[in-house]
Amino acid sequence: MEEFQVWEDLSNIPADPPSMRDLCKDCRRPLVVCWCSALPPNRLNPGSNIILLQHPAEEKRCLRTAPMLQLGLAENKCLIFKGKRFPLPKHNNLESILKQPNTLLLYPSKSAIDIKELTCDDRFYNLILIDSTWPQAKAIYASSPLLQKIKQVKLVTSNISSYIIRTQPTEGCLSTLETAAEALSQLEKNPIYREQLIQPLHMLCKYQLENGAVTHQSKEYLIKTRTYPKLIGKRLSKLLKSTNECVLD
């Protein structure tokens, strides 16, 4: 009797998979949560290029900002390479880009200079960003000798992240999208990048908050107010002491 019941249950399983929600052809998100209407009315076309070195784990996140950046900029103005070290043979043309004299790495090392201090010679830059968590970014940097040879710059800004549905390590952390938008505004000397590129992020957060998400304070804030629910590890403690200039998603 029990065996018969098992077979009967199996026979009631539908042969076809459940219908999926319709997806936006651009952002690949369900239409009900698509943020494409908040993209710039015309894709922005800066002189400089954004090159994202993306950790594979980022692709699995459902709430990512890199697609917003890629869709907000003109075609081929935002290139994405995936991996845990760079460059690899599969990264077509990346090694050539990294070796160009006008390539910059946005990374808060001791040798990094304020991006505002770059001499204005009217040329474009290839701006490299590491799209990952901070620990992953450090691992990528350490395992990629060519990255360490690139001229490094940092953002010095008092901006607070608009990515309020995700916990950031410190108060000064910005998402990948916000970092690129701020950097482009400074390189191009035009606030339009800061103003228009982050609108999809505002729309995403608004929708999430209206549907049960809550505002997240940074780990730094929670620790200062003694409301952080976990013990602080050495890595986080060192990060909080060393920098308020986290620029990673």
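Residues numbered from 1 in each chain as written. Predicted model: local features only at pLDDT ≥ 70, side-chain atom pairs only at ≥ 80, totals over all residues. Heavy atoms only, no water.

A separate point is the overall build of the protein. A tally of regular secondary structure across the protein gives 10 helices and six strands. With 249 residues in all, the protein has 46% of them scored as buried. Restricting to contacts in the protein with at least 6 residues of sequence separation, those with at least 24 account for 74%. (Helix = DSSP H or I, 4+ residues; strand = E, 2+ residues; numbered from the N terminus. Buried < 20%, exposed > 50% of the residue type's maximum accessible area, 1.4 Å probe, protein only. Contact = heavy atoms within 4.5 Å.)

A word on the packing of aromatic side chains. By the definition in use, this model includes two aromatic pairs. Ring centres 4.2 Å apart and planes at 10° place the aromatic pair Tyr107 and Tyr141 in the stacked group. Taken together, the residues Tyr107 in the loop between strand S3 (103-106) and strand S4 (113-114) and Tyr141 in helix H4 (residues 134-142) connect sequence positions 34 residues apart. Just as Tyr107 is buried, Tyr141 falls in that class too. (Phe/Tyr/Trp six-rings, centres within 6.5 Å; stacked < 30°, edge-to-face > 60°.)

Burial along S3 is two-sided: Thr103 and Leu105 facing one way and Leu104 and Leu106 facing the other are all buried. By the bridge criterion, three bridges tie S3 to strand S5 (residues 126-131) in an arrangement that is parallel. What sits directly across from Leu104, in S5, is Leu127. For S3 and strand S6 (residues 151-154), the ladder comprises three bridges, and the chain directions are parallel. Across the sheet, the residue bridging to Leu105 is Gln152, located in S6. (Pairing = 2+ DSSP bridges.)

Our focus in this paragraph is helix H8 (residues 199-210). Three or four residues apart is the spacing at which side chains of an α-helix point the same way, because the helix has 3.6 residues per turn. For H8, spanning 12 residues, the distance from its first C-alpha to its last is 17 Å, which sits close to the expected 16 Å at 1.5 Å a residue. The set of residues buried in H8 consists of Pro200, Leu201, Leu204, Cys205 and Gln208. Down the axis, H8 shows its buried residues gathered within 135° of arc, on one side only. Looking at H8, the residues exposed on the side facing more than 90 degrees away from the buried face are Lys206 and Glu210. (Expected span 1.5 Å × (residues − 1). Arc of directions from axis to C-beta.)

Before going further, it helps to examine the sheet that holds strand S2 (residues 78-82). As summarised here, the arrangement of the six strands in space is S2-S1-S5-S3-S6-S4, forming an open sheet in which the pairing is parallel. In this open sheet, the two edge strands, each paired with only one partner strand, are S2 and S4. Lying over the sheet, helix H6 (residues 176-188) contacts strand S1 (49-54), S3 and S5, oriented at roughly 165° with respect to S5. (Axes fitted to C-alpha atoms, helices over the stretch in contact; angles between N-to-C directions.)

Checked against the element boundaries, Ile198 lands in the loop between helix H7 (192-196) and H8. Residue Ile198 is classed as buried on the basis of its relative accessible area, which comes to 14%. With 160 residues separating them along the chain, Ile198 and Ala38 place their C-alpha atoms 8.7 Å apart. Beyond its immediate chain neighbours, meaning those up to four positions away, Ile198 contacts Leu177, Glu178 and Ala181.

As a further point, take the pattern of salt bridges. Per the stated rule, a full pass over the model turns up four salt bridges. The shortest N-O distance in the salt bridge between Asp26 and Lys25 comes to 3.5 Å. Since its relative accessible area comes to 40%, Asp26 is described here as partly exposed. Notably, a salt bridge pairs Glu210 with Lys206, separated by 2.6 Å at the nearest N-O pair. Of the two residues, Glu210 and Lys206 both sit in helix H8, four residues apart, roughly one turn of that helix. Here Glu210 and Lys206 have matching classes, each one exposed. (Salt bridge = Lys/Arg side-chain N within 4 Å of Asp/Glu carboxyl O.)

With that out of the way, let us pick up the pairing of S1. Of all six residues that make up S1, six are buried, and the element is covered over most of its length. Alternating positions in S1 separate into two faces, Asn49, Ile51 and Leu53 on one and Ile50, Leu52 and Gln54 on the other, with burial throughout. Sheet topology places S1 next to S5; six bridges connect them, and they run parallel. By the bridge assignment, Asn49 is partnered in S5 with Asn126. Taken together, the five bridges between S1 and S2 define a ladder with parallel strand orientation. By the bridge assignment, Leu52 is partnered in S2 with Ile80.

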